[in-house]
Amino acid sequence: MADQPIINILGELVALGPLDRKLVPTSQRWMNQFDMLRTLGNLPQPMTLEAETDWFEAAARSTTETTFTIYERSSWRPIGTLDLRAIDYRNRSAEFGITIGEADCRGKGYGTEATRLALDYAFIALGLHSVMLAVFAYNPGALRAYEKAGFREIGRRRESKWMGGRLWDIIYMDCLATEFTSPVLAKVFAPDEPR
Ligand SMILES: CC(C)(COP(=O)(O)OP(=O)(O)OC[C@H]1O[C@@H](n2cnc3c(N)ncnc32)[C@H](O)[C@@H]1OP(=O)(O)O)[C@@H](O)C(=O)NCCC(=O)NCCS
């Protein structure tokens, strides 16, 4: 098993930690899987190390976006990334995105828990109120994971995503702080007990 990386939020199956420059070649490998890019907003095109490094440099320093590395707890293997983007502190809102790059780590409950941990971070650590996401209608696994994590559908942009020779709906989902029970961070962001 690899050494434990730096971790911010420890779940049961997965843990979230900071981006790590050493993992740029790993995320480049993830971002060259066309079957995965199919489900993301990115154009399906070859991802060079240079372009992946540019993404890393921007994400690692962004003040409007927070990106975490997702680790599998049983092995401490990096398995993907997730992010809160368009973070708006005045209106207490943000948008969410997730990629489990290691194909053998999908369908094991990791995405559901990682999404919950991201909501925990948004609501408890950052004090946000509304987190929204967009998902393509042909991605039932993502829809199911998001529902299990606490999101619900709020609307659709019809026939606005081209894939597999036809247009599909983009589904919008949101979750409010008032609908969410903190799995981890409410115990961390708590006042010290007087001695
Ligand atoms: C989407 C993603 C984050 C979900 O994470 P995950 O770890 O695979 O999901 P989980 O195992 O937590 O949950 C998936 C659920 O969907 C279900 N599911 C998976 N494929 C399905 C399908 N084709 N039809 C219906 N349900 C499906 C699973 O059975 C599971 O539900 P259950 O626990 O009720 O059985 C992950 O698969 C991923 O990163 N995929 C590639 C990139 C991507 O699609 N990102 C999201 C873009 S919006």
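Residues numbered from 1 in each chain as written. Predicted model: local features only at pLDDT ≥ 70, side-chain atom pairs only at ≥ 80, totals over all residues. Heavy atoms only, no water.

*Asks:* I would appreciate a short explanation of the overall build of the protein chain in the present structure.
*Replies:* Within the protein chain one finds 5 helices and 8 strands. Overall, the protein chain shows an N-to-C arrangement of helices and strands of β-β-α-α-α-β-β-β-α-β-α-β-β. In summary, the protein chain has a C-alpha radius of gyration of 17 Å against a globular reference of 16 Å for 195 residues, a match within 12%. The proportion of buried residues among the 195 residues of the protein chain is 45%. In the protein chain, once contacts between residues fewer than 6 apart in sequence are set aside, the share between residues at least 24 apart is 62%. Carbon and sulfur atoms provide 51% of the accessible area of the protein chain, an area that totals close to 10900 Å². Taking the average location of the 23 positive side-chain charges in the protein chain and that of its 25 negative ones, the two points are 3 Å from each other. (Helix = DSSP H or I, 4+ residues; strand = E, 2+ residues; numbered from the N terminus. Rg over C-alpha atoms; globule rule 2.2 N^0.38 Å. Buried < 20%, exposed > 50% of the residue type's maximum accessible area, 1.4 Å probe, protein only. Contact = heavy atoms within 4.5 Å. Areas by Shrake-Rupley, 256 points an atom, 1.4 Å probe, with all protein chains shown as cover. Lys, Arg positive; Asp, Glu negative; His and termini not counted. Charge placed at Lys NZ, Arg CZ, Asp CG, Glu CD.)

*Asks:* Honestly, the site of the ligand in this entry has me stumped. Any pointers?
*Replies:* Surrounding the ligand, one finds 23 residues, the nearest of these being I100, G109, G111, T112 and K148. Between N139 and the ligand, the recorded distance is 2.9 Å, taken from a side-chain N or O atom to an oxygen atom. The separation between an oxygen atom of the ligand and a polar side-chain atom of R144 is 2.8 Å. For the ligand, whose free accessible area comes to 950 Å², the fraction covered by protein is 69%. Elements with a minimum of two residues in the shell around the ligand: β5 (93-100), α4 (110-125), β6 (130-136) and α5 (140-149). The dominant element in the shell around the ligand, judged by the number of residues it contributes, is α5, at 7 residues. Split by residue class, the shell around the ligand holds 11 nonpolar, 8 polar and 4 charged. (Near = heavy atom within 4 Å. Polar contact = N/O pair within 3.5 Å; in protein donor to acceptor, adjacent residues only side chain to side chain. Nonpolar A, V, L, I, M, F, W, Y, C, P; charged D, E, K, R; others polar.)

*Asks:* Is there a simple way to think about the sheet that holds strand β8 (residues 166-176) in this case?
*Replies:* Strand order in this open sheet of 8 strands is β1-β2-β3-β4-β5-β6-β8-β7, and the pairing throughout is mixed. The sheet terminates laterally at β1 (9-10) and β7 (152-163), the two strands that pair on one side only. As paired strands, β5 and β6 are joined by 3 bridges and run parallel to one another. Among the inter-strand pairings, A94 is bridged to a residue of β6, identified as V131. (Pairing = 2+ DSSP bridges.)

*Asks:* How should the pattern of salt bridges be read in this particular structure?
*Replies:* Enumeration according to the criterion identifies 10 salt bridges in this entry. When the shortest N-O distance is used, the salt bridge between R77 and D104 registers 3.2 Å. Of this pair, R77 sits in strand β4 (residues 77-88) while D104 is found in the loop between β5 and α4, placing the two residues 27 residues apart along the sequence. The exposure class assigned to R77 is partly exposed, which follows from its relative accessible area of 27%. Across the salt bridge formed by E153 and R156, the nearest N and O atoms sit 3.0 Å from each other. Connected through salt bridges with shared partners, the residues R21, E57 and R61 form a single ionic network. (Salt bridge = Lys/Arg side-chain N within 4 Å of Asp/Glu carboxyl O.)

*Asks:* Looking at this structure, how should I read α4?
*Replies:* What sets the pattern is the α-helix's 3.6 residues per turn: residues three or four places apart point alike. The terminal C-alpha atoms of α4 lie 21 Å apart, and with 16 residues this matches the ideal 22 Å at 1.5 Å per residue to within 8%. Extensive coverage of α4 is indicated by the burial of 13 of its 16 residues. Where α4 ends, the next residue or the one after it, G127, has phi of about 75 degrees, a positive value. (Expected span 1.5 Å × (residues − 1).)

*Asks:* Looking at this model, I keep getting lost on the side chain of K161. Mind explaining?
*Replies:* With respect to the element layout, K161 can be found in strand β7. An unpaired buried charge is present at K161: no salt bridge exists, and D169, the closest side chain of opposite charge, is 13 Å distant. When residues no more than four places from it in sequence are discounted, the contact partners of K161 are R38, L40, F136, Y138, R166, L167, W168 and I170.

*Asks:* Explanation requested: the pairing of strand β2 (residues 14-18) in the structure shown.
*Replies:* Consecutive side chains along a regular strand alternate between the two faces of the sheet. The buried count for β2 comes to 4 of 5 residues, which makes it a mostly enclosed element. Here β1 hands over to β2 after 3 residues, the two strands then running antiparallel side by side. As paired strands, β2 and strand β3 (residues 66-72) are joined by 5 bridges and run antiparallel to one another. Paired with L16 across the two strands is I70, which belongs to β3.

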